[in-house]
Amino acid sequence: MQPAAWAARKFPDQKAVDGSAENLSEFGLLVNTGHIARAALEATAFQVREVVEAMAQDSGVNADVLRVDGGMVANELLMQFQADILGVPVVRPKVAETTALGAAYAAGLAVGFFTGTEELVANWAMDHRWEPKMDDSKRKHIYRFWKKAVARSFDWAE
């Protein structure tokens, strides 16, 4: 698996096949919408890693697993890359939209529908677990390049 920054290769005599990536082809890059989509997914995973690291630094607690929810958890590529870039397992629950579920649980607790939080915890079930497959040296290497690319983008626009 190549990181997003390497998805576009330089081919001076080529043009992008997809018109939406046409501007990039002017720089001699052969890209298509798949490269852009992959870059967006990988950027999401890198940003999650930055948040997880900040939380660990603030709390002094390192996560040994990342539980995920929301619409993006349906993307298998993203979930595997997230596990790879974090170096910890990523776990998706059977009910992926836990924000709505949490609101329903809070309402149910407030009106006495549920007897307590133990009942709610018992309802949680795992749907899928991704284990990291990327070796540590590669993980460090591509994360270092991600941070370098982000730093280079500072003050880009005027």
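Bear in mind that the values here come from a model prediction, so they are computed numbers and not experimental data. (Residues numbered from 1 in each chain as written. Predicted model: local features only at pLDDT ≥ 70, side-chain atom pairs only at ≥ 80, totals over all residues. Heavy atoms only, no water.)

Chemist: Looking at this structure, how should I read the overall build of the protein?
Modeler: A tally of regular secondary structure across the protein gives six helices and five strands. Helices (α) and strands (β) of the protein occur, in sequence order from the N terminus, as β-α-β-α-β-α-β-α-α-β-α. Burial analysis of the protein (158 residues in total) assigns 28% to the buried set. Pairs at least 24 apart in sequence give 65% of the contacts found in the protein among residues at least 6 apart. Carbon together with sulfur atoms contributes 58% to the accessible area of the protein, which is approximately 10500 Å² in total. (Helix = DSSP H or I, 4+ residues; strand = E, 2+ residues; numbered from the N terminus. Buried < 20%, exposed > 50% of the residue type's maximum accessible area, 1.4 Å probe, protein only. Contact = heavy atoms within 4.5 Å. Areas by Shrake-Rupley, 256 points an atom, 1.4 Å probe, with all protein chains shown as cover.)

Chemist: Can you help me understand the nonpolar core in this one?
Modeler: One recurring pattern in soluble globular proteins: nonpolar side chains tend to sit buried together. Ranked by size, the top nonpolar core spans 20 residues in total, and within it Phe46, Val68, Met79, Phe81, Ile85, Val90 and Ile142 carry the most contacts. For this core, the secondary-structure elements that each account for two or more residues are helix 2 (33–59), helix 3 (76–86) and helix 6 (136–153). Considering each element in turn, this core owes the most residues, six residues, to helix 3. With residues up to four places along the chain from it excluded, the contact list for Phe46 reads Phe81, Ile85, Ile142, Tyr143 and Trp146. (Core = buried A, V, L, I, M, F, W, Y, C linked by side-chain atoms within 4.5 Å.)

Chemist: Sorry, what's going on with the environment of Lys147 here?
Modeler: Structurally, Lys147 can be placed in helix 6. On the accessibility criterion, Lys147 (44% relative accessible area) is partly exposed. In this structure, the C-alpha to C-alpha distance between Lys147 and Glu50, residues 97 residues apart in sequence, is 9.6 Å.

Chemist: What's the story with the pattern of salt bridges in this structure? I'm lost.
Modeler: Pairing of side chains with opposite charge becomes possible as their charged atoms draw close. For the structure on display, the rule yields seven salt bridges. Of the charged contacts in the structure, one is a salt bridge between Asp136 and Lys140, with a shortest N-O distance of 3.1 Å. Note that Asp136 and Lys140 are positioned in helix 6 at a spacing of four residues, about one turn of the helix. According to the relative accessible area criterion, Asp136 is partly exposed, its value standing at 40%. Members of the salt-bridge network, linked through shared partners, are Glu76, Arg92 and Asp127. (Salt bridge = Lys/Arg side-chain N within 4 Å of Asp/Glu carboxyl O.)

Chemist: Just to check I follow, could you spell out the packing of aromatic side chains for this structure?
Modeler: Pairs of aromatic rings are described using the distance from one ring centre to the other and the angle between the two planes. Tallying each qualifying case throughout the model produces five aromatic pairs. A ring pair is formed by Phe46 and Tyr143, whose centres lie 6.2 Å apart and whose planes are at 20°; its orientation type is stacked. Taken as a pair, Phe46 in helix 2 and Tyr143 in helix 6 lie far apart in primary sequence, 97 residues in all. With respect to class, Phe46 is no different from Tyr143; both count as buried. Residues Phe113 and Phe114 carry aromatic rings whose centres are separated by 5.0 Å and whose planes lie at 85° to one another, so their mutual orientation is edge-to-face. Judged by relative accessible area, Phe113 falls into the exposed class, the value being 63%. Ring-pair connections join several aromatic residues into one group, and the members of that group are Phe46, Phe81, Tyr143 and Trp146. The ring of Tyr143 is capped by Arg49, whose NZ or CZ atom sits 3.6 Å from the centre of that ring. Above the ring of Trp124, the side-chain terminus of Arg67 is found at 4.0 Å from the ring centroid. (Phe/Tyr/Trp six-rings, centres within 6.5 Å; stacked < 30°, edge-to-face > 60°. Lys NZ or Arg CZ within 6 Å of the ring centre and 35° of its normal.)

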